[in-house]
Each structure stands twice: as C-alpha cells, then as structure tokens.
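Results of the structural survey
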Amino acid sequence: AVRRKWTIGSFDVSTAYLRGDKQDRELYCRPPKDGLPGVPAEALLKVNTGVYGLRNAPRLWYLKADRELKECGWEELATARSTYVLRDPHTGQVVGMLLMYVDDACFAGSGPQYETILNKTLDRFNIGKRFINEFDFLGRHVKQFDDFHIEIDMDKYIAAIEKVVIPAARRHQPASPLTPLELHN
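All residue numbers here refer to positions counted from 1 along the written sequence of the relevant chain. With the structure being a predicted model, the display of local features is reserved for residues of pLDDT at least 70 and the display and counting of side-chain atom pairs for 80 or more, all residues being used for whole-chain, interface and lining totals. Heavy atoms from the whole structure form the basis of all side-chain values; hydrogens and water molecules are not counted.

Only DSSP runs of H or I reaching four residues or more are called helices, and only runs of E reaching two or more are called strands; each is numbered from the N terminus. Here, expected helix span is obtained from the residue count minus one, scaled by 1.5 Å. For helix 1 (residues 57-72), spanning 16 residues, the distance from its first C-alpha to its last is 23 Å, which sits close to the expected 22 Å at 1.5 Å a residue. Listing the buried residues of helix 1 in full gives Ala57, Leu60, Trp61, Ala65, Asp66, Glu68, Leu69 and Cys72. The secondary structure elements touched by the buried residues of helix 1 are strand 1 (7-13), strand 4 (75-77), strand 5 (80-87), strand 6 (94-101) and helix 2 (112-124). Only protein chains enter the accessibility calculation, which uses a 1.4 Å probe; a residue whose area is less than 20% of its type maximum is buried, one above 50% is exposed, and one in between is partly exposed. Every residue pair with non-hydrogen atoms within 4.5 Å of one another is taken to be in contact.

See the structure below:
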C-alpha cells in the first residue's frame, strides 16, 4: 500500500455468522431466556444458518464470504488464504488487495475499477463500521499518513493486559501443578 500509494481502510460485517451459508444438518433450539417477539417461550426453532457458538459457524460464514468476494471480482491467493487481490482485466496488474479475518477486513487499492469493485463488495455485506486511514485491526492500531506511510502499534492491546500477581511462596514452586483457582483466574 505504501509503495503503490494506496489508501488503506477496514470494515467489519455485522452479524456475520447469521449471514453464512445454510446449515447442512437439522438443528433445533429453544428461544433465548429473554424471549423473541411473537415467539412462544416453549417454541422449538429450526436453525437455518450459522449461529455464534456452533463449531461450523465460522466455516459457513467463510464459504459465503469467499463466494461473494469472488463473484465481485476478487481472486483468493492460493498461498495466503483469506487474502484476495483485484487485477486489472487488461493488464493483469494488481490494483487492490483485501484481507478477511472472520468478520473483519482490511483493504487497499486505487483506481476506478478498484473503487467500483470495492463499492460492489461493500453492498454485498452488512457493513457495521468502516474506517479509512486509521483503525484497529486484529489487536493492532493502524494509521496511514498523508504521504501514505503507515504506522502500526499495539499500545491499546498491551495496556489492556491485566497484571498477573504470583505470590512469593508460589514463585518458589514452579514445578507444582496449577491449583483449581489458578486455572480459572
């Protein structure tokens, strides 16, 4: 992005798992404890798509996102899954890139074809937040300056790490197994 003077950005997809491919099995659940409007508390609901907490929900979302991105014109790199490039159809030159990690994406590119395909892509997904030039992505704070150089830091992430206090007596027992309290804290 720096070398090509591309503007960088990011977006997240709202309720991504609910937008994934259909379940390939029959699965039922009860309504949440707080209830659902118009649904009796004793109802049995059929789960049609991925739901947060199910093992296959991330895969169902990935399959749908991958298909949508390819239909828009993005090409997934065989050597870096979930990394997509957009090529100029006349020259084959890369004019844009997009990295998708679960429901978060980071993108960069330039030119009319890139802008058209990016807008088409954004229209396909239920975008929650979109940022240009400065954003947090996968625990990193990313900032692009007017001269296109980029700075990345993890200051907020590091500041949020909680200090672990280990009593002096326990530090003298490094080979001892963890206690139940230590396992849960």
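Relative to the assigned elements, Val142 resides in strand 10 (residues 140-144). Counting along the chain gives 134 residues from Val142 to Ile8, while the straight-line C-alpha distance between them is 9.2 Å. Not counting residues within four places of it along the chain, the set of residues in contact with Val142 comprises Ile8, Asn133, Glu134, Phe135, Ile150, Glu151 and Ile152.

What follows is about the layout of surface pockets. Computed from the structure, the largest pocket encloses a volume of approximately 290 Å³. Note on definitions: the grid is 1 Å and covers protein atoms alone; a cavity is a set of points where a 1.4 Å probe fits but cannot get out; a pocket is an open set with protein on both sides within 12 Å along at least five of seven lines; lining residues have an atom within 4 Å of a point. Surrounding the largest pocket, 11 residues form its lining, Val164, Val165, Ile166, Pro167 and Glu182 being those nearest its centre. Side-chain classes are defined by residue name, with Ala, Val, Leu, Ile, Met, Phe, Trp, Tyr, Cys and Pro counting as nonpolar, Asp, Glu, Lys and Arg as charged, and the others, Gly among them, as polar. Classifying every residue of the lining of the largest pocket by side-chain character gives six nonpolar, two polar and three charged. Grid points are joined across faces, edges and corners, and a volume is the space filled by probe spheres set on the points. In this structure, the second largest pocket encloses a volume near 160 Å³. Those elements that place two or more of their residues in the lining of the second largest pocket are strand 6 and strand 7 (104-109).

Across the sheet, which stays open at both edges, the three strands sit in the order 9-10-11 with antiparallel pairing between neighbours. Looking along the sheet, the strands with just one partner apiece sit at the ends: strand 9 (134-137) and strand 11 (150-153). Each adjacent strand pair in this sheet contributes to an overall mean axis angle of 20 degrees, direction not counted. We call two strands paired when DSSP finds no fewer than two bridges between them. Sheet analysis places strand 10 next to strand 11, joined by four bridges and oriented antiparallel. Paired with Lys143 across the two strands is Glu151, which belongs to strand 11. To obtain an axis, a line is fitted to C-alpha atoms, over the contacting stretch when the element is a helix, and the angle between two such axes runs from 0 to 180 degrees between their N-to-C directions.

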